[in-house]
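Summary of structural features
Below, each chain spelled out in residue letters.
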Amino acid sequence: MSSHSEAPVTPVEAYELPYYVAVFTTVRTQNQNDYSETNACLEDLVKDLPGYLGMDHGQTPGGLGITVSYFRDADALTEWRTNAEHHSAQKRGRAEWYQCYTLHVAKVERSRGFRAGVGPSESAG
């Protein structure tokens, strides 16, 4: 999503289980008019949503984008899915910004992390 040069690069941590992820994988079109601005607004909007845990994003040199959003429960994910501004951006994405995309939603039943100098961490499950 957005790049914040002052923030350290780190993945979203492992949370207490269970929680939910939405994996949004995209290939964008050449037309990216207002995409960055809309994306920044949506990032700010989702951060204020109760139950939102965080987001990881990556882009391959070939143009495949992957965004993984983390939510405490299914209700938080539903609230985001049905948000009016998010819904409007989805329509515009299908009309202008994306050649194709997939969305996978899953309940996380196991979660691990590692940080050099600290070692592994694992959520129960």
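Below, the structure is looked at part by part. (Residues numbered from 1 in each chain as written. Predicted model: local features only at pLDDT ≥ 70, side-chain atom pairs only at ≥ 80, totals over all residues. Heavy atoms only, no water.)

1. Section: the packing of aromatic side chains
The full count for this structure, using the stated rule, is 8 aromatic pairs. With 5.5 Å between their ring centres and 85° between their planes, Phe24 and Tyr98 make a pair best called edge-to-face. Of this pair, Phe24 sits in strand β1 (residues 19–28) while Tyr98 sits in strand β4 (residues 98–108); the two residues are 74 residues apart in sequence, bridging distant segments of the chain. Residue Phe24 is classed as partly exposed on the basis of its relative accessible area, which comes to 23%. For the pair Tyr35 and Trp97, a centre-to-centre distance of 5.3 Å together with 85° between the ring planes defines the contact as edge-to-face. Of the two residues, Tyr35 sits in helix α1 (residues 35–47) while Trp97 sits in helix α3 (residues 84–97), which places them 62 residues apart along the sequence. For Tyr35, a relative accessible area of 9% corresponds to the buried category. The rings of Phe24, Tyr35, Trp97, Tyr98 and Tyr101 are connected pair by pair, giving a single aromatic cluster. (Phe/Tyr/Trp six-rings, centres within 6.5 Å; stacked < 30°, edge-to-face > 60°. Helix = DSSP H or I, 4+ residues; strand = E, 2+ residues; numbered from the N terminus. Buried < 20%, exposed > 50% of the residue type's maximum accessible area, 1.4 Å probe, protein only.)

2. Things to note about α1
Between the first and last C-alpha of α1 there are 18 Å, a value that for 13 residues agrees with the 18 Å anticipated at 1.5 Å per step. Looking at α1, one finds that the buried residues are Tyr35, Asn39, Leu42, Glu43 and Val46. Across the axial projection of α1, the buried residues extend over an arc of 105°, all falling on one side. Its buried side turned inward, α1 meets β1, β2 (52–59), β3 (64–71), α2 (74–81), α3 and β4. (Expected span 1.5 Å × (residues − 1). Arc of directions from axis to C-beta. Contact = heavy atoms within 4.5 Å.)

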